Amino acid sequence: MQDNKLLTIPANAGQLLLEKGGVFLCHYLSADKFADFCKARGIIVNEERLLTFERLGMFSPVFRLRQPSEDVGHLRLPMQNNEWFERGWALDIAGGEEHWVPDEPNSDTVAYYSRFQIASLHFALSEYNLTVQMEEFLRAPSFDAEAWLRIGRRRFEFHGGHAKSVDRNRGFRPAIDLLCQYISDRYYPHVRSNMRTRQVSSGYAFDEWTTIDGLKWEWEEYAHAWKPSDAEAAFDLTPPKLEHAFRALASQQAWDDPLERWYDLMQFVSVDRRDQLRGAALAAETMKAGAQMLQRLHRDLYGVELPHTNETHRQIFVHMPELEARTDVRRHLEFVANRYDLNPRPKLTLFVEGPSEDYAVRHIFERHFGVPVGTLAIETIVLGGIDNATGTVEDRYRAILRLVDYLHHHQTFAFLILDNERHARKLKAGSHDAKSILHTKRYVTRPEYVKVWRDSFEFDNFSNTEIAQALSLLAAQAKFRSREVANCREGKAPGAALMALYRERVGSKLNKLDLVRVLVETIFSTKSRRPVTNRPIVEVLDRVIALAARNPFPQRVEDWEYNQTSTYLGKARGKAQPGVRRRLRPRVRSR
């Protein structure tokens, strides 16, 4: 990499940051708090070790404060004058220059770090932390001191030569940390986000040495007045420098993040939940925040959108989903949820006539198929409960096609089970030629997704004898005969005739839900001569399960478009486009 593409540390960087950038939102951390911050991220350091790093010149704080010779109160930030630096109470050591360092931690001095320095610290420790396999020393009768010395000598020689080879560019990574801190007041709320909302914390804070005077500071006003050119001038930025810095930090966080393979999902997780990560995953969150801020700065300065922070270190052949789909955050999240099979939206919505049919369906799912209906990604909707949403009695079933169209637009199969009454047959006929108003290349549905019983749920699925026995059980004191039920079946309105028969014999209204409860038990009775699988309702539900199982939600816009123009959701009004990976499987033929 050419030197003219390497970010460098500005002169007097510590003073620059304390005066003009990175003060309110990402507070500087004293050595003890920075050590705790690192430990939560799997980087084991303490004040003593940080002091050693500082003395060796391998990792420096942003600034160090010394006890003032007079009572001047706290150092107030942002800094209005250079008194603390001019009088030697504050040391600007962001550039790594040689400076006074105490022999050990004490109460007369304190070093302050930026949270974004965790990237440089992690990078440095990867070279200096040593892993030793102790079994090498346990094989001997006693401790093999010579073997221990050989390991130490080899590591010393390696690091001595390595340090000289990288000394020329040693300021590059610390410069990235400082730039991230400098721009944090402007961009940090954008990275404290779940892609839909963002968090802005208070600008006020204090400790034993400093006070951040942010009671009157408002982020919105600051962001509006922000000039990215100030950062460009302060760090002598160019497009190659800034892009290289971004790619270096983005690659580091991706390499170190144990959750990197799930980055597309993690970006939608709430900030509060991501803050509960631990170890390397939490460290990567901090590094990623820095990289995302650099990405936004590059866009504001040069009008170019750099790639996603987790897509810089690999070659992307097929974007999942497409880049243009990501501009709609809700749809982007939907495609990502589909990829992880986390979308809770039903893969099929089953419309039933009323509560009694809903009970029967749910009971059969649990007793025969062995799972609750929701486990198979199926939901049931009772049509009798949405009259107000679907219009008057006359257009009720016709209006429901608009809801079916909406569901199919979102690739949820819609299947209707209706009694043969009122306008059910009109709906069945209308489903043949109802055109979608949401997609110009398909019809609303397929006619076989509308099941209309020949008579009704009860008469189509149960014999006259079974219905008569159920009525007798409900009536307790009245006995019904199969011939009476047969007479009801032969009328123009079998359901109404059955209700009238019950009222005449018992003197009260027949509770249809109670009747269905008894009839459903008949399906599973050991006395029944009819196999469960021969019941029409079971055959219909078997088809419903197959449709839901063969409905993989799309992961890209291309997949969604193919499915919309295919013959699966509705009859096609045009030809489907080939070459898509995540397609619906062939539909189940109607029986």
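Here the structure is a predicted model, which means the values were calculated and not measured.

Chemist: How would you explain the overall build of the chain if you had to name every residue and give the values?
Modeler: Along the chain, the regular secondary structure elements total 26 helices and 11 strands. Here the C-alpha atoms of the chain give a radius of gyration of 36 Å, more than 25% beyond the 25 Å that 2.2 N^0.38 yields for 591 residues. Burial status across the chain gives 49% buried among its 591 residues. For the chain, the share of sequence-separated contacts (at least 6 apart) that also reach a separation of at least 24 residues comes to 76%. Working note: accessible area of the chain is about 30100 Å², and carbon and sulfur atoms make up 50% of it. Averaging the positions of the 85 positive and the 78 negative side-chain charges in the chain gives two centres separated by 12 Å.

Chemist: Can you tell me about the pattern of salt bridges, naming the residues and giving the values?
Modeler: Under the definition given, this model contains 28 salt bridges. Residues arginine 274 and glutamate 285 are paired through a salt bridge, measuring 2.9 Å at the closest nitrogen-oxygen approach. Residue arginine 274 is located in helix α13 (residues 271-274), and its partner glutamate 285 is located in helix α14 (residues 280-302); the two are separated by 11 residues in the primary sequence. No difference in accessibility class separates arginine 274 from glutamate 285, as the two residues are buried. A salt bridge links arginine 535 to glutamate 466, with the nearest nitrogen and oxygen atoms 2.9 Å apart. Remark: glutamate 466 occurs in helix α21 (residues 464-475) and arginine 535 occurs in the loop between α24 (512-523) and α25 (536-549); sequence separation between them is 69 residues. For arginine 535, a relative accessible area of 0% translates into the label buried. Connected through shared salt-bridge partners, Glu357, Asp419, Glu458 and Lys512 make up one network.

Chemist: Can you lay out the sheet that holds strand β4 (residues 90-92) for me, pointing to particular residues and giving the numbers?
Modeler: Pairing is antiparallel in the open sheet, where 4 strands are placed in the order β1-β5-β2-β4. Pairing within the sheet leaves two strands with one partner each, and these edge strands are β1 (29-30) and β4. In this sheet, strand β5 (residues 109-113) lies alongside strand β2 (residues 63-66) in antiparallel orientation, the contact comprising 4 bridges. Across the sheet, the residue bridging to arginine 66 is threonine 109, located in β5.

Chemist: Please give an account of the side chain of serine 436 that cites residues and values.
Modeler: Along the chain, serine 436 turns up in the loop between α19 (424-430) and β11 (450-452). Within the structure, the side chain of serine 436 is placed 2.7 Å from the side chain of aspartate 405, a separation counted as a polar contact. Apart from residues lying up to four places away in sequence, serine 436 is in contact with Asp405, Arg442, Tyr443, Val444 and Arg573.

Chemist: I'd love a proper account of the pairing of strand β9 (residues 378-382), names of residues and values included.
Modeler: The sheet contact formed by strand β8 (residues 348-352) and β9 spans 5 bridges and is parallel. The residue bridging phenylalanine 351 from the neighbouring strand is isoleucine 381, located in β9. In this region the chain leaves β8, passes through helix α16 (residues 355-369) and returns to the parallel neighbour β9; the handedness of that crossover is right-handed.

Chemist: Provide a residue-level description of the packing of aromatic side chains, including the pertinent values.
Modeler: Summed over the entire model, instances satisfying the criterion amount to 19 aromatic pairs. Judged by centre distance (6.3 Å) and plane angle (15°), the ring pair of phenylalanine 34 and phenylalanine 59 falls under stacked. Linking phenylalanine 34 in helix α2 (residues 31-39) with phenylalanine 59 in the loop between α3 (47-56) and β2, this pair joins segments that are 25 residues apart in sequence. One exposure class covers both phenylalanine 34 and phenylalanine 59, and it is buried. Measuring from ring centre to ring centre gives 5.6 Å for tryptophan 84 and tryptophan 89, while their planes differ by 85°; the resulting arrangement is edge-to-face.

Chemist: Describe the sheet that holds strand β3 (residues 75-77), with residues and values.
Modeler: Read from one edge to the other, the open sheet built from 3 strands follows the order β3-β7-β6, with strand pairing classed as mixed. Edge positions in the open sheet fall to β3 and β6 (205-206), since each of these has one partner strand only. In this sheet, strand β7 (residues 210-212) lies alongside β6 in antiparallel orientation, the contact comprising 2 bridges. Bridged to phenylalanine 206 within β7 is threonine 211.

Chemist: Describe in detail the nonpolar core, supporting the description with residues and values.
Modeler: Counting 80 residues, the largest nonpolar core has Ile183 and Leu294 as its most contacted members. Examining the composition of this core, we find that 11 residues originate from one element, helix α8 (residues 172-191), more than from any other. Excluding anything up to four places from it in sequence, isoleucine 183 contacts Trp226, Ala231, Met293, Leu294 and Leu297. Listed in part, the 49 residues of the second largest apolar core include Ile378, Ile417, Leu541 and Ile545.

Rules and cut-offs
- Residues numbered from 1 in each chain as written.
- Predicted model: local features only at pLDDT ≥ 70, side-chain atom pairs only at ≥ 80, totals over all residues.
- Heavy atoms only, no water.
- Helix = DSSP H or I, 4+ residues; strand = E, 2+ residues; numbered from the N terminus.
- Rg over C-alpha atoms; globule rule 2.2 N^0.38 Å.
- Buried < 20%, exposed > 50% of the residue type's maximum accessible area, 1.4 Å probe, protein only.
- Contact = heavy atoms within 4.5 Å.
- Areas by Shrake-Rupley, 256 points an atom, 1.4 Å probe, with all protein chains shown as cover.
- Lys, Arg positive; Asp, Glu negative; His and termini not counted.
- Charge placed at Lys NZ, Arg CZ, Asp CG, Glu CD.
- Salt bridge = Lys/Arg side-chain N within 4 Å of Asp/Glu carboxyl O.
- Pairing = 2+ DSSP bridges.
- Polar contact = N/O pair within 3.5 Å; in protein donor to acceptor, adjacent residues only side chain to side chain.
- Right-handed = clockwise from strand over helix to strand, strands pointing away.
- Phe/Tyr/Trp six-rings, centres within 6.5 Å; stacked < 30°, edge-to-face > 60°.
- Core = buried A, V, L, I, M, F, W, Y, C linked by side-chain atoms within 4.5 Å.

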